[in-house]
Amino acid sequence: MLFKKSMLLSILLMVALLFVSSFSAMAQDGEVEIFSWWTGGGEEEGLNALIELFNEDYPDVEVINATVAGGAGSNAKAVLKTRMVGGNPPDSFQVHGGAELVNTYVETGMMEPITGLLEEWGVKDKFNQQILEMSSYEGEYYSVPVNVHRSNIMFYNKAVLEENNVEPPTDLASFKEALAKLDEAGVVPLSLGDTNKWPATQIFESLLVSTLGPEGYNGLWNGNTAADDPAIREALVHFDDIMQYVNEDHSALTWQDATQIMQEGEAGFNIMGDWAEGYMKTLGWTPGEEFGWMPVPESEGTFIVITDTFGLPKGAPNPENAEKWLKTIASVEGQDTFNPIKGSIPARLDADKSKYDPYLTSAMEDFAEDTLSPSIAHGSAAPEGFITALNDTINEFITTGDVDAAFENFQDNHEEYVQ
Ligand code: GAL
């Protein structure tokens, strides 16, 4: 009897010990540092919703939300690079699929392949394969695409257009007429905020698609289109014409400021990637009600893609938790939680379409039918050196209006960084 009692006591003790140790293991699940530049309206909300979902599945992993403000990573990218090169990586970080990921971090040996994880989770064939391929290098995948954004898109304030008897344009000629009409009426025709340079480059890349067509544009990155193609000069001329109609203080403003000018009724049009859609929703607008959209004129049929992805850096302090993060963002639930808020469409093909608003639904339709082209401004098409050089070329061109000099610079930059 005595023996049995002591047996029972020691079993109880063991159970208690097991409980305590598993509890403390849980409490020690630790943290995961996620690095991004998502601090703007729509972006921040989307990220927070994703973190909340992550914490539902992993309540004991604390997410360190490490953000560096500045649209398109204008400040974050440099901070990240210093950390990566200095051997101080976050556990996972936002990076665009394509050249930005591959040239900067994969070829240089700073990332772990994650092909095995995608297979283990059974998600590899669930993604749009062209998008997933943007994260691949020599047969391995290096990051998980959380979304797809579009850069060649233009939003407009429906009331401003109606009040001024302006119809949404059908081509570049009618676009310029619409801009001139708004200008005469004393309204800012096209709002722009290019204090960080890339929003102007982003307009130019859309015009490159308008004049070169998708094959010609894609050919710039695979050697099939020469950098002295006359259509590039033509895009510069259109750009110069259109820039006559932007707000005077454009170089002092951010992309959010520019979207807001349009949202407040001071401007008619705004060319911006569709994260602006996420932002406008946080400002209380409903797509199709207060604002309309269309591809940048003459670029319809092409979807300039931007994909935000997250990977696993070598030497991440909490690799197991980073894997949990990647698993969350790779899930249908993760994609359907984040994207309807962010203003992007899912990179997975089996997402729940009913969760997406009319703009995003139309973007999903275009995405399925259009030719996909990589964005220059957002790091997918060309190496970083080319983007920096093009940003400078376009910036200078805005001041000088010298088409031939800009065309020559484009060719020099292309030769130096792309070929
Ligand atoms: C892009 C990024 C988007 C959005 C945008 C503005 O580069 O892919 O997700 O954040 O910058 O910041």
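Please read these numbers as outputs of a predicted model, since none were measured by experiment.

The rules we used
- Residues numbered from 1 in each chain as written.
- Predicted model: local features only at pLDDT ≥ 70, side-chain atom pairs only at ≥ 80, totals over all residues.
- Heavy atoms only, no water.
- Core = buried A, V, L, I, M, F, W, Y, C linked by side-chain atoms within 4.5 Å.
- Buried < 20%, exposed > 50% of the residue type's maximum accessible area, 1.4 Å probe, protein only.
- Domains from an automatic or database assignment.
- Contact = heavy atoms within 4.5 Å.
- Salt bridge = Lys/Arg side-chain N within 4 Å of Asp/Glu carboxyl O.
- Helix = DSSP H or I, 4+ residues; strand = E, 2+ residues; numbered from the N terminus.
- Polar contact = N/O pair within 3.5 Å; in protein donor to acceptor, adjacent residues only side chain to side chain.
- Buried area = accessible area lost by both parts, 1.4 Å probe.
- Nonpolar A, V, L, I, M, F, W, Y, C, P; charged D, E, K, R; others polar.
- Phe/Tyr/Trp six-rings, centres within 6.5 Å; stacked < 30°, edge-to-face > 60°.
- Axes fitted to C-alpha atoms, helices over the stretch in contact; angles between N-to-C directions.
- Parallel < 35°, antiparallel > 145°, perpendicular 65-115°, else oblique.
- Left-handed = near helix turned anticlockwise from the far one by under 90°.

Asker: Explain the nonpolar core here, please?
Answerer: By size, the foremost hydrophobic cluster in this structure holds 76 residues, and its most contacted members are Trp325 and Leu326. For this core, the domains that each give at least three residues are domain 1 (29–149 + 308–363) and domain 2 (150–305 + 371–417). Not counting the four nearest positions on each side in its chain, Trp325 is found in contact with Ile34, Leu47, Leu50, Ile51, Phe54, Ser92 and Phe310. Core analysis: the next-biggest nonpolar cluster, separate from the first, contains 50 residues, Leu208, Ala231, Met243 and Phe269 among them.

Asker: Even after reading the chapter, I still don't get the pattern of salt bridges, so can you show me in this structure?
Answerer: When charged atoms on two side chains of opposite charge get close, those side chains can pair. For the structure on display, the rule yields 13 salt bridges. Among the salt bridges present, the one from Lys124 reaches Glu119, with a minimum N-O distance of 3.3 Å. On the accessibility criterion, Lys124 (27% relative accessible area) is partly exposed. A relative accessible area of 47% means that Glu119 is categorised as partly exposed. Between Asp357 and Lys281 there is a salt bridge, and its shortest N-O distance comes to 2.6 Å.

Asker: Can you help me understand the side chain of Thr201 in this one?
Answerer: Examined against the element boundaries, Thr201 turns out to sit in helix α9 (residues 198–222). Among the residues examined, Thr201 registers a relative accessible area of 0% and is labelled buried. A polar atom in the side chain of Thr201 sits 2.6 Å from the side chain of Asn391. Look past the residues within four positions of Thr201 in its chain and what remains in contact with it is Ala377, Leu390, Asn391 and Ile394.

Asker: Is there a simple way to think about the domain arrangement of the protein in this case?
Answerer: The extent of an interface is frequently quoted as the accessible surface area lost upon association of the parts. If you check the domain split of the protein, you get domain 1 (29–149 + 308–363) and domain 2 (150–305 + 371–417). Taken residue by residue, the interface counts 32 residues in domain 1 and 28 residues in domain 2. For the pair domain 1 and domain 2, the summed buried surface comes to about 2,200 Å²; carbon and sulfur atoms form 56% of the total. It is Gly41, His149 and Tyr359 in domain 1 that bury the most area against domain 2; as a group they hold 28% of the surface buried on that side. Joining domain 1 to domain 2, the criterion identifies two salt bridges. Here Lys81 makes a salt bridge to Glu384, at a shortest N to O gap of 3.1 Å. Along the contact surface separating domain 1 from domain 2 lie 12 residue pairs in polar contact (both at pLDDT 80 or more). Among the secondary structure elements, those contributing two or more residues to the side of domain 1 that touches domain 2 are α2 (43–57), α4 (99–106), α6 (129–133), α14 (332–342) and α15 (358–369). Among the elements that take part in the side of domain 1 that touches domain 2, α15 stands out by supplying five residues, more than any other. Here the residues of the side of domain 1 that touches domain 2 sort into 12 nonpolar, 14 polar and six charged.

Asker: Hey, could you run me through the packing of aromatic side chains in this one?
Answerer: One pair of aromatic rings is described through two measures. These are the centre distance and the angle between the planes. Overall, the coordinates contain 22 aromatic pairs when judged by the stated rule. Ring centres of Phe54 and Tyr58 lie 5.0 Å apart, and the angle between their planes is 45°; on these two criteria the pair is classed as tilted. Residue class for Phe54 comes out buried when judged on its relative accessible area of 0%. An angle of 65° between the planes, with centres 5.2 Å apart, marks the rings of Phe93 and Tyr105 as edge-to-face. Of this pair, Phe93 sits in strand β3 (residues 92–96) while Tyr105 sits in helix α4, and the two are 12 residues apart along the sequence.

Asker: What am I meant to see in the packing of α2 against α14 here?
Answerer: At a minimum axis distance of 8 Å, the contact between α2 and α14 shows a crossing angle of 160°. Considering their axes alone, α2 and α14 lie roughly antiparallel with respect to each other. As α2 runs across α14, the sense of the crossing is right-handed. Between α2 and α14, the residues in contact are Glu43, Glu45, Gly46, Leu47, Ala49, Leu50 and Leu53 and Glu333, Gly334, Thr337, Phe338, Ile341 and Lys342, respectively. A class-by-class count of the residues in the contact of α2 with α14 yields six nonpolar, three polar and four charged.

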